[in-house]
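An overview of the molecular structure
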Amino acid sequence: MSDAPAATGQAAVDQLLEVLDLAQTGEMAFRGMSPPVGPQRVYGGQVAGQALVAAGRTVDPERAVHSLHGYFVRPGDPTEPIAYQVENVRDGRSFSVRRSVALQHDKPIFFMSASFQRQEEGLDHHAPVPPDVPGPDDVPTMADRLARYPERLGIWGQIPRPIDVRYVGEPGWVRPGDRPAEPHQRVWMRIDGKLPDDPLLHACALTYASDLTLLDSVLSVHGEVWGPGGVVGASLDHALWFHRSFRADEWFLYDCWSPSASGARGLATGRMFTTDGRHIASAVQEGLLRRVGE
């Protein structure tokens, strides 16, 4: 593995765009690759984002994705290509529904249903943004936080970071005992560079980002951390609803909390708000969480 530092900024964003730019191998078939440097398993947000790319490329561009629901069924191998098979479930007058299956070695590792809608007008309301949350320029950067925990860096110091992530509270990768229990985990995020104007690409980038910190809100309730002396986990499913137009390369607040944890599983939910208080998306995820020793 290279000792070069992790790519950040536009260089990392360009690598993300390459990951999301699937090769078309058939009328409803696509192939995706993983970054050359990454964790031992394919990152869940990557496979969900790629599955949405595949589904979206088979839908009329006038119809925007408004929801997706997926299940992670096997760990993905980042050294192998991922094949995506898309099924046209329905094209109606207002909605299009697709099923997108990610396969490796002819076995599904993830499957997702996504629904797309033509633009319509209707009722409009949303809950207010959480009050008294400091802005992204008023909380530490990822580099600031990582500098305090060099032993926690490991491979994360070499994986490209296309998303600027700024935790309002303590993240889940600090040392055991360093994290106070908090009912909410709040994180500012944005793609750390410029994205093209394609709305589907912004939805896929937001899907990619939505898996980064959501499950950590389960640990936050207990002041727990990831890794030795804490918890290991894996995403079991993921659901995302897109409410309003947005740009993933502009700041949004990811406000996450956990309503329940039991049976070695934790449920997490989150809302995403723009800096001017618009509620752009909501997410729900359940994950497997198991304690590990030092």
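Residues numbered from 1 in each chain as written. Predicted model: local features only at pLDDT ≥ 70, side-chain atom pairs only at ≥ 80, totals over all residues. Heavy atoms only, no water.

In the nomenclature of an unreviewed UniProt entry, the chain corresponds to Acyl-CoA thioesterase 2 from the organism Micromonospora humi. Taken directly from UniProt, the Subunit (unreviewed entry) text for the chain runs: "Homotetramer." The heading Catalytic activity (unreviewed entry) in the UniProt record of the chain holds the text "a fatty acyl-CoA + H2O = a fatty acid + CoA + H(+)". (UniProt positions renumbered as here; feature names shortened; annotations may be inferred.)

Observations concerning the UniProt feature "domain: Acyl-CoA thioesterase 2 C-terminal" (unreviewed entry) in the chain
Those residues carrying the UniProt feature "domain: Acyl-CoA thioesterase 2 C-terminal" (unreviewed entry) are residues 177–288 in this numbering. The annotated region residues 177–288 carries 17% helix and 45% strand content, and the separation between its end C-alpha atoms amounts to 22 Å. (Helix = DSSP H or I, 4+ residues; strand = E, 2+ residues; numbered from the N terminus.)

What to know about helix H2 (residues 44–56)
For the α-helix, the turn length of 3.6 residues means that residues three or four positions removed from each other point alike. For H2, spanning 13 residues, the distance from its first C-alpha to its last is 18 Å, which sits close to the expected 18 Å at 1.5 Å a residue. Among the 13 residues that make up H2, 13 are buried, leaving the element largely enclosed by the rest of the structure. (Expected span 1.5 Å × (residues − 1). Buried < 20%, exposed > 50% of the residue type's maximum accessible area, 1.4 Å probe, protein only.)

Re the packing of aromatic side chains
Under the definition given, this model contains 6 aromatic pairs. Pairing tyrosine 167 with tryptophan 173 gives two aromatic rings, centres 6.4 Å apart and planes at 80°, and the pair type is edge-to-face. The same class applies to tyrosine 167 and to tryptophan 173, which are both buried. Judged by centre distance (6.2 Å) and plane angle (10°), the rings of phenylalanine 242 and phenylalanine 246 are stacked. (Phe/Tyr/Trp six-rings, centres within 6.5 Å; stacked < 30°, edge-to-face > 60°.)

Brief notes about the pairing of strand E13 (residues 279–291)
Bridging between strand E9 (residues 231–235) and E13 involves 5 bridges; their strand directions are antiparallel. When the sheet's bridge partners are listed, valine 232 is paired in E13 with arginine 290. Sheet analysis places strand E10 (residues 237–242) next to E13, joined by 4 bridges and oriented antiparallel. Opposite leucine 240, over in E13, you have alanine 283 as the bridge partner. Between strand E12 (residues 265–274) and E13, which pair antiparallel and follow one another directly, the connecting turn spans 4 residues, one of which, glycine 277, has a positive phi of 90°. (Pairing = 2+ DSSP bridges.)

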